[in-house]
Amino acid sequence: MFKIAKYPNPVLRKTAKLVGDFNDDLKKLADNMAKVMYEDDGIGLAAPQVSKSLRLIVVGLGYGEYKTYVNPDITFFSKEKTTTDEGCLSLPKIFANVIRPKKIHIKYYNLDGELQKEKLKGMDAVILQHEVDHLNGILFIDRAEKINQGQEILDSLKKQLDDKAK
Ligand code: CO
């Protein structure tokens with residue numbers, strides 16, 4: 001079983017690589033990611049969060065079911081914004097308000113390598129934006145306009161990172 005990479009693990013800051021092979025290993029990886037996500041009560045998970053620097057996302061659909069987004073590309077962001085109290089399995093016990101576009105269009109591949117297009121809004125649009133950020137080394141705390149919970153935890157994690165850089 002995978003372990004979730006926690007901030008400030010450097011894998012979370014890498015730009016993930018495009019998936020090239022739509023093979024059984026990819027399906028197995030997605031399936032294992034979904035298991036870890038459900039185990040930790042997450043609603044979405046990006047491959048860098050299990051230390052695999054690949055452009056692969058799973059999103060929970062409930063009851064153990066999940067949807068996979070491979071090499072996702074957000075092609076449209078609405079001007080209209082929405083504010084959500086976001087959290088992340090890589091930053092446990094930290095919650096913050098993030099302002100994001102309310103609607104997006106996304107292109108991606110399914111596990112069979114077929115190109116898909118979707119229009120998303122509301123929570124689905126927020127989750128996908130949060131997960132695509134992970135593929136680009138961006139965390140929700142980078143976009144947070146207000147930390148709602150866990151400021152002290154975040155301060156001590158950031159201090160760990162600063163101490164390491166010294
Ligand atoms: Co996250």
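Cut-offs applied
Residues numbered from 1 in each chain as written. Predicted model: local features only at pLDDT ≥ 70, side-chain atom pairs only at ≥ 80, totals over all residues. Heavy atoms only, no water. Donors = N, O, S within 2.8 Å, 3.2 Å for Na, K, Ca; no water. Helix = DSSP H or I, 4+ residues; strand = E, 2+ residues; numbered from the N terminus. Buried < 20%, exposed > 50% of the residue type's maximum accessible area, 1.4 Å probe, protein only. Expected span 1.5 Å × (residues − 1). Arc of directions from axis to C-beta. Pairing = 2+ DSSP bridges. Axes fitted to C-alpha atoms, helices over the stretch in contact; angles between N-to-C directions. 1 Å grid on protein atoms, 1.4 Å probe; cavity = no way out; pocket = protein on both sides within 12 Å on 5 of 7 lines; lining within 4 Å. Points joined across faces, edges and corners; volume = space filled by probe spheres on them. Nonpolar A, V, L, I, M, F, W, Y, C, P; charged D, E, K, R; others polar.

(A) Spatial organisation of the coordination of the cobalt ion. Within the protein, the atoms that donate to the cobalt ion are C88 (SG), H130 (NE2) and H134 (NE2), at distances of 2.0 to 2.2 Å. All donor residues of the cobalt ion come from one chain, and their arrangement in sequence is C-x41-H-x3-H. Of this pair, C88 sits in the loop between β4 (81–86) and β5 (95–101) while H130 sits in helix α2 (residues 122–135), and the two are 42 residues apart along the sequence. Accessibility expressed as a relative area gives 7% for H130, which makes it buried.

(B) Local environment of helix α1 (residues 24–39). Between the first and last C-alpha of α1 there are 22 Å, a value that for 16 residues agrees with the 22 Å anticipated at 1.5 Å per step. Among the residues of α1, those classed as buried are L26, L29, A30, M33, A34, V36 and M37. For α1, the angular spread of buried residues about the axis comes to 165°, placing them on one side. In α1, the exposed residues that point more than 90 degrees away from the buried face are D24, D25, K28 and E39.

(C) Summary view of the sheet that holds strand β6 (residues 103–109). Overall, antiparallel pairing links the five strands, which are arranged β1-β2-β3-β6-β7 in an open sheet. Taken across any chain shown, the strands that pair with only one partner, and hence form the sheet edges, are β1 (44–46) and β7 (115–121). Between one strand and the next, the sheet's axes are offset by a mean angle of 40°, whatever the strand orientation. Bridge analysis of strand β2 (residues 56–62) against strand β3 (residues 65–77) gives six bridges, and the strand direction is antiparallel.

(D) Structural context of the layout of surface pockets. A volume near 310 Å³ is recorded for the largest pocket. In terms of lining residues, the largest pocket is bounded by 19 residues, among which I43, G87, C88, L89 and H130 are the most central. Residue assignment for the lining of the largest pocket shows that the elements contributing at least two residues are β4 and α2. A total of five residues in the lining of the largest pocket trace back to one element, the largest contributor, which is α2. When its residues are assigned to classes, the lining of the largest pocket shows eight nonpolar, six polar and five charged.

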